[in-house]
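Examination of the molecular architecture
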Amino acid sequence: MQRPGRVYTRDELLERVWDDPGESFDRTVDAHIKTLRAKLRAVRDDEDPIRTLRGVGYALREEH
């Protein structure tokens with residue numbers, strides 16, 4: 001939230017969120033992003049604040 005637009009790789013997210021990232025897989029991040037998107041859509045279904053950069057990672061959209 002503090003750095004919208006900054007792209008975080010799956011590995012970075014694993015390291016920042018999980019106590020032992022070695023026990024998780026990169027697709028774990030994808031599953032949690034999917035769940036987070038669903039929860040955000042329940043609040044506001046007309047936009048997706050999370051950008052996916054295929055092969056790179058995820059970023060929060062910058063507001064214009």
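Okay, so let's go over this structure. (Residues numbered from 1 in each chain as written. Predicted model: local features only at pLDDT ≥ 70, side-chain atom pairs only at ≥ 80, totals over all residues. Heavy atoms only, no water.)

Turning our attention to the pairing of strand S1 (residues 50-53). Two strands pair when backbone bridges link them, and S1 and strand S2 (residues 57-60) are joined in this way by 4 bridges, in the antiparallel orientation. Across the sheet, residue Arg51 finds its bridge partner in S2, namely Ala59. Hairpin remark: S1 followed by S2, antiparallel, with 3 residues in the connecting loop; positive phi at Gly55, about 75°. (Pairing = 2+ DSSP bridges. Helix = DSSP H or I, 4+ residues; strand = E, 2+ residues; numbered from the N terminus.)

This part is about the side chain of Arg37. The residue Arg37 is located in helix H2 (residues 26-43) in this model. Note on Arg37: relative accessible area 17%, which makes it buried. Among the polar contacts listed, one links the side chain of Arg37 to the backbone oxygen of Ile50, at a separation of 2.9 Å. Ignoring any residue separated from it by four or fewer positions in sequence, one finds Arg37 in contact with Asp48, Ile50, Arg51, Thr52 and Tyr58. (Buried < 20%, exposed > 50% of the residue type's maximum accessible area, 1.4 Å probe, protein only. Polar contact = N/O pair within 3.5 Å; in protein donor to acceptor, adjacent residues only side chain to side chain. Contact = heavy atoms within 4.5 Å.)

Let us look at the pattern of salt bridges. Within the structure shown, the criterion is met by 6 salt bridges. For Asp48, the salt bridge is made with Arg37, and the minimal N-O distance between the two is 2.8 Å. Separated by 11 residues along the polypeptide, Asp48 in the loop between H2 and S1 and Arg37 in helix H2 bring together distant segments of the chain. Residues participating in the shared-partner salt-bridge network are Arg10, Arg27 and Asp30. (Salt bridge = Lys/Arg side-chain N within 4 Å of Asp/Glu carboxyl O.)

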